[in-house]
Amino acid sequence: MSAILRLLARYRRATILTATLVVSFLLMTLQVRHETAVVTFTRQALLFIVSPFIKVTAATVRGVSNTWRDYVDLRGLQEENTRLQRETAILKRRIDQLEEQALETQRLQALLAMRQASRAEFLTARVVGKDATNWFKTVLLDRGSLEGVRRNQPVVVPDGLVGRVVEVTPTSAKVQLLTDPVNAVGGLIQRTRVTGIVSGNLGAGARVRYLPLMADVVGGDQVVTSGMGGVFPKGIPIGRITAVERRSGALFQEATLQPAVDLNRLEEVLILTTLEANAGREVGTSLGAGTGFEAGNGRRP
Amino acid sequence: MRWFLPGLLACVLAQAVLLGPLSLGGIRPDLFLLLVFLVSQRVSPEAATLLGFLVGLFQDALSGSPLGLRAFTDSLMGFLAARLSHDMYTDKPLALFWLLLGGTAAAGGITLALLTFFLGPPPLFPALLWVIAPEALYTAAVGLLIVWLPQLRAVLARAA
């Protein structure tokens, strides 16, 4: 025993390096294979330590920038602009909602009459932090489990889908954005009802994969959540197709997508805290389009 | 060493909150890695490894990455930076810039390799084009600014 200790002390440098690398590797392995209590606890503890500082800093930055903006801008014009922007967002939401409702009504008129109205509950949250790496796309919210936030709850804004909650501490929650490379959402081309998988990528925007080769998809088509997967309400706007790629020999076609929401400028978001069996459709239509989230490749940490 | 914990907290706040408006095409400098580089110049390789591990854990907790991804990278980079500190630490800004550029790019390469191992291969070209290269450039530029700004001020003060 003492010989081993002497050996470790002699090669202390290599021992410490090997130990840290092995521990890091084990943590990753445990987390990627299945979420273990040790990893979850460590993540949440670290997040819990820094989230109060982040909240205070975000509030300070917000306060300073608001003061500065109010000072520089003409106050009346700014308020008018904000009001008009809000009205435009509500009108856009209403148009999307009506389009989706009309299409749905045509197909499901008989069933629609049987549908029971149900309500979804929202929780407003502020974005207080962004991902600490350039490899993933997540944001930190100032609401946590104490306010009823749980994993996998959808996050939206009036313009459309933002993402889903992937991690919760008592006072904060981490949201995986639609454009995160390991995210995947069931999408539906609103015009032709063709389904595909919307996933993020390392660059800007997102991609719609696994679109049938002969499917009618063109630039400008609106994509909404498909409702398959049971996490998101059906019909939430995801974005618009900007380009379609048909590679020779490929089994599917792919498209690039411009998200409906400017995910770089998120400030306040809505978390869907209650989502009953039929609530999804209600939420989706009220946001302008309904729910579908397939949890990425199933390996999201 | 006294400024390590305040430095870590400053990195957390800057990376998560303050750097948002300074992002170029969604890319921000990796301040955590810069902290590891700078601390590693002043401590032993063992300490640099452990501090890199701690910094990486915080970075992972604030990110969507699996816990351990950046801890692995940062501890390895900390060790290498400390081990080679006599050869690395230089007074020439251009050399320092290339050093930071190479170090950040190497860290990006390790991250890419680990992501490929654990989550499947991300597309190589977009990873190089949209993440590794711009992040390395931005981080090296900011690192150079952080290291050289105080020295530049001192030189200017002396000249005045």
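Residues numbered from 1 in each chain as written. Chains lettered and ligands numbered in written order. Predicted model: local features only at pLDDT ≥ 70, side-chain atom pairs only at ≥ 80, totals over all residues. Heavy atoms only, no water.

A. Representation of the overall build of chain B in the model. Regarding its fold elements, chain B presents seven helices and zero strands. Taken from the N to the C terminus, the helices and strands of chain B come in the order α-α-α-α-α-α-α. Relative to the globule expectation of 15 Å for 160 residues, the C-alpha radius of gyration of chain B, 16 Å, shows essentially globular dimensions. With the C-alpha coordinates aligned to their principal axes, the bounding extent of chain B is approximately 55 × 35 × 30 Å. Classification of the 160 residues of chain B by burial places 56% in the buried group. Counting contacts in chain B only where the partners sit at least 6 residues apart, residues at least 24 apart contribute 70% of the total. (Helix = DSSP H or I, 4+ residues; strand = E, 2+ residues; numbered from the N terminus. Rg over C-alpha atoms; globule rule 2.2 N^0.38 Å. Buried < 20%, exposed > 50% of the residue type's maximum accessible area, 1.4 Å probe, protein only. Contact = heavy atoms within 4.5 Å.)

B. Focus on the sheet that holds strand β1 (residues 121-130) of chain A. Residue and element names in this part refer to chain A. Strand order in this closed barrel of six strands is β1-β2-β5-β4-β3-β12, and the pairing throughout is antiparallel. Ignoring strand direction, the axes of neighbouring strands in this sheet form an average angle of 45°. The pairing of β1 with strand β2 (residues 138-141) spans three bridges and is classified as antiparallel. When the sheet's bridge partners are listed, glycine 129 is paired in β2 with leucine 140. Where helix α3 (residues 37-72) meets the sheet, its contacts fall on β1, β2, β4 (160-168) and β5 (173-177), and the angle it forms with β1 comes to roughly 85°. (Pairing = 2+ DSSP bridges. Axes fitted to C-alpha atoms, helices over the stretch in contact; angles between N-to-C directions.)

C. Main features of the pairing of β1(A). One ladder, built from six bridges, connects β1(A) with strand β12 (residues 268-274) of chain A; its direction is antiparallel. Its bridge partner lying in β12(A), A:Phe122 is registered against A:Leu272.

D. Quick look at the side chain of A:Ser51. Residues and elements named next belong to chain A. Locating serine 51 in the fold gives a position in helix α3. Under the relative-accessibility criterion, serine 51 is labelled buried at 1%. In this structure serine 51 touches Thr171 and Ser172, once residues within four positions along its chain are discounted.

E. Quick peek at the nonpolar core. Counting residues in hydrophobic clusters, the biggest one holds 73 residues, and the most contacted among them are A:Ile54, A:Trp135, B:Phe32 and B:Leu62. Of all the elements in the fold, those that place two or more residues in this core are α2 (12-33) and α3 of chain A together with α1 (4-18), α2 (31-40), α3 (45-61), α4 (69-83), α6 (93-119) and α7 (124-159) of chain B. For this core, the leading source of residues is α6(B), giving 11 residues. Sequence-distant contacts of A:Ile54, defined by excluding residues within four places in its chain, comprise A:Val128, A:Gly129, A:Leu140, B:Val12, B:Leu13, B:Ala16, B:Val17 and B:Leu62. Judged by nonpolar contacts, the second largest core, of 39 residues, contains A:Leu123, A:Val223, A:Phe232 and A:Ile238. (Core = buried A, V, L, I, M, F, W, Y, C linked by side-chain atoms within 4.5 Å.)

F. α6(B), seen in detail. Between its first and last C-alpha, α6(B) extends 38 Å over 27 residues, near the 39 Å set by a 1.5 Å rise per residue. One or two positions beyond α6(B), positive phi appears at B:Gly120, with a value near 95°. (Expected span 1.5 Å × (residues − 1).)

G. Looking closely at the sheet that holds strand β6 (residues 184-189) of chain A. Residue and element names in this part refer to chain A. The strand order β6-β7-β8-β11-β10-β9 describes a closed barrel built from six strands, whose pairing is antiparallel. When strand polarity is set aside, the average angle formed by the axes of neighbouring strands in this sheet is 40°. Inspection of the sheet shows strand β9 (residues 222-225) paired to strand β10 (residues 237-245) by three bridges, in the antiparallel sense. Looking across to β10, one finds that valine 224 is bridged to proline 237.

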